[in-house]
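Fold and contact review
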Amino acid sequence: MRGDFSRSLAQPGVDGLPPGTIAACRLLETVLIYLCVLGPSIPVQAQNQVWVEQFGGFSDDYTMAVARSSSGSVFAAGDTLGSLFAPSLGSFDAVLAKFSESGDPLWGVQFGTSSSDRVQALAPADGDGVFIAGETTGSFGAPNAGGLDAWLARCDASGSRLWVRQLGTTSTDTARSV
């Protein structure tokens, strides 16, 4: 039997968050992603749930990182083996979604190469944009140097990629934080 998966839990006062906690997890049994915002800084077992958003497709979908922007909106990033926001490009594709401060879905984008493109981290950027980092076996921002290469992308407030940088060696390279 498979269980729950949680990769990112942002704490108040860390990652630029105002009071309130954002948690992202994936329930493997139903292959759906849950994103919830909890109330002000009090012990986890006593917090009030502010909102929960469930999204996902029929393939494996993972939320790997969450962050809140300076405007209060919430970004969730991860990867999918399916067609979550666009047709699948191949193996794992990177995904990025934005939610309003009250939890309403604003948009979602899916991008990558025909090879595996996975998200490991994300951080808010100026202008309500976001930085995303991860790993690829493809040529995402430059020719693949061999094995896994690290990548870093910046997206604007509407999810459009402004740039992508890929770095690698003939060994394994990945970006785990931004």
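Reference entry: report on the structure contained in this document.

Here is what the cut-offs are and how they apply
- Residues numbered from 1 in each chain as written.
- Predicted model: local features only at pLDDT ≥ 70, side-chain atom pairs only at ≥ 80, totals over all residues.
- Heavy atoms only, no water.
- Phe/Tyr/Trp six-rings, centres within 6.5 Å; stacked < 30°, edge-to-face > 60°.
- Helix = DSSP H or I, 4+ residues; strand = E, 2+ residues; numbered from the N terminus.
- Buried < 20%, exposed > 50% of the residue type's maximum accessible area, 1.4 Å probe, protein only.
- Pairing = 2+ DSSP bridges.
- Axes fitted to C-alpha atoms, helices over the stretch in contact; angles between N-to-C directions.

For the rest of this paragraph, the subject is the packing of aromatic side chains. All told, the structure shown has six aromatic pairs when counted by the stated rule. Aromatic pair Tyr62 and Phe92: ring centres 6.1 Å apart, planes at 55°, arrangement tilted. Here Tyr62, found in strand 5 (residues 61-68), pairs with Phe92, found in the loop between strand 6 (74-80) and strand 7 (93-99); they are 30 residues apart in sequence, far enough to count as distant. When its relative accessible area of 12% is taken as the criterion, Phe92 is described as buried.

To continue, consider the sheet that holds strand 10 (residues 129-136). One open sheet holds the four strands; their spatial order is 9-10-11-12, and the pairing between them is antiparallel. Taken across any chain shown, the strands that pair with only one partner, and hence form the sheet edges, are strand 9 (117-125) and strand 12 (161-167). Averaged over all pairs of adjacent strands, the angle between strand axes in this sheet comes to 20°, irrespective of strand direction. Of the strand pairs in this sheet, strand 10 and strand 11 (residues 149-155) are connected by seven bridges, and their pairing is antiparallel.

A separate point is the environment of Met64. Counting through the fold element by element, Met64 comes out in strand 5. Residues Met64 and Ala121 lie 57 residues apart in sequence; the distance between their C-alpha atoms is 6.7 Å.

Non-glycine residue Asp128 carries a positive phi angle of around 65°. Structurally, the position occupied by Asp128 is in the loop between strand 9 and strand 10. Judged by relative accessible area, Asp128 falls into the buried class, the value being 15%.

Let us now look at the pairing of strand 10. Look at any regular strand and the pattern is simple: side chains alternate between the two faces of the sheet. Strand 10 sits mainly inside the fold: seven of its eight residues count as buried. The pairing of strand 9 with strand 10 spans eight bridges and is antiparallel. Counterpart to Ala123 in the pairing with strand 10 is Phe131. Where strand 9 folds back on strand 10, the antiparallel hairpin that results is connected by three residues, among which Gly127 adopts a positive phi of roughly 70°.

This paragraph deals with the sheet that holds strand 8 (residues 105-111). Read from one edge to the other, the open sheet built from four strands follows the order 5-6-7-8, with strand pairing classed as antiparallel. For this open sheet the edge positions go to strand 5 and strand 8, each flanked by a neighbour on one side alone. For this sheet the average axis-to-axis angle between neighbouring strands, irrespective of direction, equals 20°.

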